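Summary of structural features
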Amino acid sequence: MKVLVWVEHDNGAVKDATLSAITAATKLGTVTALVTGSRVAPVTASTASIPGVEKVLVADDDVFEHALPENVAPMVAELMSGYDAFLAPATSAGKNVTPRIAALLDVMQISDIISVESGNTFTRPIYAGNVIATVMSRDAKIVITVRATAFEKAPREGGSATVETVKAGTDAGLSNFVGAEISRSERPELTSAKVVVSGGRALGSAEQFQAIIDPLADKLGAAVGASRAAVDAGYAPNDYQVGQTGKIVAPEVYLAVGISGAIQHLAGMKDSKIIVAINKDEDAPIFQIADVGLVGDLFAIVPELISKL
């Protein structure tokens, strides 16, 4: 089986989610990675070094600079004449491209897979992760998004793939890149951090969120997350949101501070290795999945915890 994997990158480094998608792809067959963008030589070299990748296709053109899916999808659909399956990470960028490719190929997309059972059978969570569905495709071409937290990341070094340039696409003229407002932080990226500290609506305000959560995260070298309720209340930015409608994380340690544990939030973090919950409500649902639970006032517990770290 020949598999094509779309490489998500920041024009400098391959994103961790792509490494997980490559691991999933190796379970299906021989892997070719597709790098799209403008002036992507460093990304191409990094991709060629990933073990498991046998060939790297490079589409280097200004029309791909911002990965506009209206430009990327037609080019990928054309390449798929030589491949059996297309995989992309289930990130915002990946989920923006894959449905268009599936539509152009007139096949069903299989979203957010967490395991590969065979060449055409996969599992994926439904109902906020409470049910795992087994999905089998009979389509001639398979289009898949991969949940990064369900697969080990492929190593970044040790491979020696060949590199081949492919014909660049054209500007579909359907969309334009206007700008990007990207938050910069010295903390680890939320989806790849080993420790995540998340705050909920119980923190009461953006000022208290920062005063309580940020020092604890700094002490632990952790990424900062938030529940949807906290984000909707304006306590934290959207890119902090963990949950079914936010980011899926599976760190070694997840600290849930003032988070009740709504099913939508649990769907985004319940695969964490160790879950620590701090909440004054001893009946909060978060305690049902927590490995360590502290019942009490977070405004007293967290400062004391920080002082002892």
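Scroll up for the structure.
First, a word on scope: everything that follows refers to the structure included in this document. (Residues numbered from 1 in each chain as written. Predicted model: local features only at pLDDT ≥ 70, side-chain atom pairs only at ≥ 80, totals over all residues. Heavy atoms only, no water.)

Attention shifts here to the sheet that holds strand 5 (residues 109-113). Strands sit in the order 5-9-4-1-2-3-10 across an open sheet of seven strands; the sheet is parallel. Since the sheet does not close on itself, it has two edges, and those belong to strand 5 and strand 10 (162-165), each with one partner. Neighbouring strand axes in the sheet, compared pairwise and without regard to direction, differ in orientation by 25° on average. The pairing of strand 4 (residues 85-89) with strand 9 (residues 142-146) spans five bridges and is classified as parallel. Within strand 9, the position partnered with Pro89 by the bridge is Val146. Each of strand 1 (2-6), strand 2 (30-37), strand 3 (53-60), strand 4 and strand 9 touches helix 1 (residues 16-26); the most contacted strand, strand 4, lies at about 150° to it. Against the sheet, helix 2 (residues 41-48) makes contact with strand 2, strand 3 and strand 10, and its axis sits at roughly 170° relative to strand 3, the strand it touches most. (Pairing = 2+ DSSP bridges. Helix = DSSP H or I, 4+ residues; strand = E, 2+ residues; numbered from the N terminus. Axes fitted to C-alpha atoms, helices over the stretch in contact; angles between N-to-C directions. Contact = heavy atoms within 4.5 Å.)

Taken together, five strands build an open sheet; the order of strands is 12-11-13-14-15 and the sheet is parallel. Each edge of the sheet is formed by a strand with only one pairing partner; in this case those strands are strand 12 (223-226) and strand 15 (292-295). Averaged over neighbouring strand pairs, the angle between their axes works out to 15° when direction is ignored. Inspection of the sheet shows strand 13 (residues 253-257) paired to strand 14 (residues 274-279) by five bridges, in the parallel sense. Following the sheet pairing, Val257 is matched in strand 14 by Ile278.

Looking now at the pairing of strand 4. Of all the five residues making up strand 4, five are buried; the element is thus mostly covered by neighbouring parts of the structure. Alternating residues of strand 4 divide into Ala85, Leu87 and Pro89 and Phe86 and Ala88, and every residue in both groups is buried. Inspection of the sheet shows strand 1 paired to strand 4 by three bridges, in the parallel sense. Paired with Val5 across the two strands is Leu87, which belongs to strand 4. (Buried < 20%, exposed > 50% of the residue type's maximum accessible area, 1.4 Å probe, protein only.)

Looking at the element boundaries, Ser38 is found in the loop between strand 2 and helix 2. Overall, Ser38 belongs to the buried group, its relative accessible area being 2%. A distance of 3.1 Å separates the side chain of Ser38 from the side chain of Arg39, its partner in a polar contact. Not counting chain neighbours up to four residues away, the residues in contact with Ser38 comprise Asn11, Asp60, Asp61, Asp62, Phe64 and Glu65. (Polar contact = N/O pair within 3.5 Å; in protein donor to acceptor, adjacent residues only side chain to side chain.)

Our next topic: the environment of Glu78. Tracing the sequence through the fold places Glu78 in helix 3 (residues 69-79). Under the relative-accessibility criterion, Glu78 is labelled exposed at 59%.

Now for unusual backbone geometry. In the Ramachandran plot, Asp106 falls in the positive-phi region, its phi being about 60° despite a non-glycine side chain. Relative to the assigned elements, Asp106 resides in the loop between helix 4 (92-105) and strand 5. A positive phi is found at Asp112, a non-glycine position, where the angle reads about 60°. With respect to the helices, strands and loops of the structure, Asp112 is situated in strand 5. Residue classification places Asp112 among the buried residues on the basis of a relative accessible area of 18%.

With that out of the way, let us pick up a nonpolar patch on the surface. A contiguous nonpolar surface patch, about 210 Å² in accessible area, is contributed by Ile274, Val292 and Leu294. Examined against the element boundaries, Val292 turns out to sit in strand 15. (Patch = residues over 30% accessible without salt bridge, like charges linked within 9 Å, V, L, I, M, F, W, Y side chains within 5 Å. Areas by Shrake-Rupley, 256 points an atom, 1.4 Å probe, with all protein chains shown as cover. Salt bridge = Lys/Arg side-chain N within 4 Å of Asp/Glu carboxyl O.)

Mapped onto the elements, Val31 comes out in strand 2. In this view, Val31 contacts Val3, Val5, Ala25, Thr26, Gly52, Val53, Glu54 and Lys55; residues no more than four positions away in its chain are not counted.

Attention now goes to the pairing of strand 9. The element strand 9 is largely enclosed, with a buried count of five among its five residues. Burial along strand 9 is two-sided: the face carrying Ile142, Ile144 and Val146 and the face carrying Val143 and Thr145 are both buried. Two strands pair when backbone bridges link them, and strand 5 and strand 9 are joined in this way by three bridges, in the parallel orientation. Looking at the pairing, Ile113 lines up with Val146 of strand 9.

Before going further, it helps to spend a moment on the nonpolar core. Judged by nonpolar contacts, the single largest core of 34 residues is most densely connected at Val5, Val53, Leu87, Ile113, Phe122, Ile144 and Val146. If near-sequence neighbours (up to four positions away) are discounted, Val53 is found in contact with Ile22, Val31, Ala33, Thr47 and Ala161. Ranked by size, the runner-up nonpolar core spans 23 residues in total, among them Val195, Tyr235, Val302 and Ile306. (Core = buried A, V, L, I, M, F, W, Y, C linked by side-chain atoms within 4.5 Å.)

At a minimum axis separation of 10 Å, helix 5 (residues 206-220) and helix 8 (residues 298-308) run at an interaxial angle of 30°. Of the possible angle classes, the one that applies to helix 5 and helix 8 is roughly parallel. The crossing of helix 5 and helix 8 is left-handed. For the pair helix 5 and helix 8, contact is made by Gln208, Ile212, Pro215, Leu216 and Lys219 and by Leu298, Phe299, Val302, Pro303, Leu305 and Ile306, respectively. (Parallel < 35°, antiparallel > 145°, perpendicular 65-115°, else oblique. Left-handed = near helix turned anticlockwise from the far one by under 90°.)

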